[in-house]
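This is what each chain is made of:
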Amino acid sequence: MKKQLYYEDVEVGSEVIPLAKIATTEMLVKWAGATGDFNPLHYEDAFAASQGVGSPIVHGALKRAWLGHLMTDWIGEQGVLNRLSCQYRGMDYPRKMKDMATPEEGETWWCKGTVTKKYVEDDQHIVECDIWVENGKGEKTTPGTATVILPSREAKS
Amino acid sequence: MQQASIITDEMKEQLGVEGTPTILEVEKGHIRMMAEALDDPNPLWQDEEYAKKTRYGGIIAPPALLCNARAGTGRGVQMKSPFLRALAGGDELEYYLPVRPGDVITSVSKITEYNEREGRRGKMLFTIIETTYKNQRGEVVATSRSASISY
């Protein structure tokens, strides 16, 4: 079991614990199935080319879901994710599969964040963060923000 | 003379019009599929024994479950654009209540804004869509605001 994060543990500038992700064509297929998003932009070479993005791209919503995973991991079971926003600024291209289980060598994405604000309002201990998905070159393809409520050690009785 | 706007009267008429509701019956299997697709092993999404001991008292859905196609990306609204290509621009979600297996989530969307912009690839149209997600008790579990870019 992971250690619970408390409001008192974070300061402005604190880092959200980074989360690594590897987008593969397999993952995109699974995501399409799980969400019902069957836009061929995410699996059809010719269609993706006709849309001007070159080849199939990672779903924006999948990158948003990665950022959700980043935050829910960090805040733990007692934290609450209140708000999450992100912008799909840069295209990301999945690794192809080498065989049934192994992706080709290539890019690893990192989901990261930093605390920008913390305050107490209506007895809730609120923390705001800048968050983003970074590609293998360190470019922020998916910047965003999140607001979470953390438990407080002091408020505990 | 101003250049003709790509936002037609027909498009303007759609502003604020609620689209066809999308209904999502939340199932454990669907939550598991999503957690696997995400590679997110959080036991709160899958492990009933673990989740029972938390303040939720049972499995809940990861935040990503909402605002996906099955929960209403098609969104039931009349999206019109003079362009053939479209990409997701961004999303903003606010979460109010947990979503659990057995919940029936009804989402209703409306177009709230059009913006024309000049981009690298020429003219682009930003369409802003707002969605409200309610559970079977009529409680708002989440709202979202999404930008679709066509070009």
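Residues numbered from 1 in each chain as written. Chains lettered and ligands numbered in written order. Predicted model: local features only at pLDDT ≥ 70, side-chain atom pairs only at ≥ 80, totals over all residues.

### Section: the packing of helix 1 (residues 25-35) of chain A against helix 2 (residues 28-38) of chain B
In contact at an axis separation of 8 Å, helix 1 of chain A and helix 2 of chain B are set at 155° when each is read in the N-to-C sense. By the angle between their axes, helix 1 of chain A is roughly antiparallel relative to helix 2 of chain B. Viewed along their axes, helix 1 of chain A and helix 2 of chain B form a crossing whose handedness is left-handed. In contact with Met-27, Lys-30, Trp-31, Gly-33 and Ala-34 of chain A of helix 1 of chain A, helix 2 of chain B contributes Met-33, Met-34, Glu-36 and Ala-37 of chain B. The residue makeup of the contact of helix 1 of chain A with helix 2 of chain B, split by class, is 6 nonpolar, 1 polar and 2 charged. (Axes fitted to C-alpha atoms, helices over the stretch in contact; angles between N-to-C directions. Helix = DSSP H or I, 4+ residues; strand = E, 2+ residues; numbered from the N terminus. Parallel < 35°, antiparallel > 145°, perpendicular 65-115°, else oblique. Left-handed = near helix turned anticlockwise from the far one by under 90°. Contact = placed C-beta atoms within 7 Å. Nonpolar A, V, L, I, M, F, W, Y, C, P; charged D, E, K, R; others polar.)

### Structural notes on the confidence of the model for chain B
Detailed reading of the predicted model is not advised wherever pLDDT is low. Per-residue confidence for chain B gives a mean pLDDT of 88, with 92% of residues at or over 70. Under the prediction, the complex receives an ipTM of 0.91, its pTM being 0.93. (pLDDT = per-residue confidence, 0-100.)

### Some details on the interface of chain A and chain B
Often, the extent of an interface is quoted as the loss of accessible area upon association of its parts. Taken together, the contacts link 27 residues of chain A with 28 residues of chain B. Counting residues per element, the ones that place at least two in the side of chain A that touches chain B are helix 1, helix 3 (60-75) and strand 2 (80-87) of chain A. Of the residues forming the side of chain A that touches chain B, the biggest block, 8 residues, is contributed by helix 3 of chain A. Pairing of strand 2 of chain A with strand 2 (residues 86-95) of chain B, which is carried by 5 bridges, proceeds in the antiparallel orientation. Bridging from a neighbouring strand, Gln-87 of chain A pairs with Gly-90 of chain B of strand 2 of chain B. (Pairing = 2+ DSSP bridges.)

### Let's talk about helix 1 of chain A
If you check which residues of helix 1 of chain A are buried, you get Met-27, Leu-28, Trp-31, Ala-34 and Thr-35 of chain A. Summarising the axial view, the buried residues of helix 1 of chain A lie within an arc of 130°, below the 170-degree limit, and thus occupy one face. Where helix 1 of chain A is buried, its residues meet helix 3 of chain A together with helix 2 of chain B. (Buried ≥ 20, exposed ≤ 12 C-beta atoms within 10 Å, placed from the backbone. Arc of directions from axis to C-beta.)

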